[in-house]
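Secondary and tertiary structure notes
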Amino acid sequence: MNRVSAKRALSIGICFMTAAAMLCGLLGTLPVAARPAIPPLPHEFYGALTIDGRPASTGTTVEARGEGVLTDVPDKGNPITTEEAGRYGGPSPFDPKLIVQGEDLQNGDQITFYVDGVQAECYDPESETWLDVYAFQSGMTPKLDLWTGGERWWAYMPFVAR
């Protein structure tokens with residue numbers, strides 16, 4: 001009787017292993033769902049904010065736009081509202097920042113900045129020039145001064161926020 005039980009157990013084991021092998025083989029032929037791409041790290045900004053040659057007042061809205069940029073998400077940092085006259089965000093890790101992010105953004109994609117809905121120019125400290133657009137760079141947090149309207153007689157002396 002024990003021999004029959006052992007033979008039966010062996011038979012059941014072989015059937016189970018054969019079924020498992022067939023299932024694995026079948027599943028191996030199915031297409032694997034593509035993992036979603038990991039979105040790039042955001043590009044964060046802070047800096048001086050000037051409107052018509054004067055420091056922007058508190059409550060001014062600063063927004064970044066561009067192909068693939070998440071907009072209209074204030075809880076995620078775009079747009080942000082100024083808390084101090086003449087600057088948006090700040091350099092400290094705890095200061096708010098204008099956060100540019102999106103799933104399909106690539107380094108070099110163009111970002112345009114808007115201050116209270118008006119397109120702004122941005123001061124690139126590396127090239128020491130005012131630009132209409134700025135290149136997205138994943139994971140960076142540069143100080144980027146923004147300006148809108150009026151004569152720019154002070155173009156070579158950007159407003160320095162404290």
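Just so it is clear, the model here is predicted, and its values are computed rather than measured.

**Digging into the packing of aromatic side chains**
In the structure shown here, the tally under the stated rule is 4 aromatic pairs. For the pair Phe 45 and Tyr 134, a centre-to-centre distance of 5.8 Å together with 80° between the ring planes defines the contact as edge-to-face. Of this pair, Phe 45 sits in strand β1 (residues 43-45) while Tyr 134 sits in strand β11 (residues 134-135), placing them 89 residues apart in sequence. Grouping residues by exposure puts Phe 45 and Tyr 134 together as buried. Relative to Trp 130, the ring of Tyr 123 lies with its centre 5.2 Å away and its plane at 55°, an arrangement referred to as tilted. Overall, the relative accessible area of 12% leaves Tyr 123 in the buried class.

**With respect to the layout of surface pockets**
There is about 150 Å³ of room inside the largest pocket. In this structure, the largest pocket is lined by Asp 124, Pro 125, Glu 126, Leu 131, Tyr 134, Ala 135, Gln 137, Met 140 and Pro 142. Looking at side-chain class alone, the lining of the largest pocket contains 6 nonpolar, 1 polar and 2 charged residues.

**Re the side chain of Thr 112**
Tracing the chain through its elements places Thr 112 in strand β8 (residues 110-115). The residues contacting Thr 112, other than those within four sequence positions of it, are Glu 63, Ala 64, Arg 65, Gln 119, Asp 132 and Val 133.

**Quick look at the environment of Tyr 123**
Note on placement: Tyr 123 falls in strand β9 (residues 118-124). A sequence separation of 10 residues divides Tyr 123 from Val 133, and the C-alpha atoms of the two residues are 9.8 Å apart.

**Some remarks on the nonpolar core**
Phe 45, Tyr 88, Leu 98, Val 100, Phe 113, Leu 144 and Leu 146 are the most contacted members of the largest nonpolar core, which totals 20 residues. Top contributing element to this core by residue count: β8, with 3 residues. Among all residues touching Leu 98, those that are not within four sequence positions of it are His 43, Glu 44, Phe 45, Val 62, Glu 63, Ala 64, Gly 77, Asn 78, Pro 79, Ile 80, Tyr 88 and Phe 113.

Procedures and definitions
- Residues numbered from 1 in each chain as written.
- Predicted model: local features only at pLDDT ≥ 70, side-chain atom pairs only at ≥ 80, totals over all residues.
- Heavy atoms only, no water.
- Phe/Tyr/Trp six-rings, centres within 6.5 Å; stacked < 30°, edge-to-face > 60°.
- Helix = DSSP H or I, 4+ residues; strand = E, 2+ residues; numbered from the N terminus.
- Buried < 20%, exposed > 50% of the residue type's maximum accessible area, 1.4 Å probe, protein only.
- 1 Å grid on protein atoms, 1.4 Å probe; cavity = no way out; pocket = protein on both sides within 12 Å on 5 of 7 lines; lining within 4 Å.
- Points joined across faces, edges and corners; volume = space filled by probe spheres on them.
- Nonpolar A, V, L, I, M, F, W, Y, C, P; charged D, E, K, R; others polar.
- Contact = heavy atoms within 4.5 Å.
- Core = buried A, V, L, I, M, F, W, Y, C linked by side-chain atoms within 4.5 Å.

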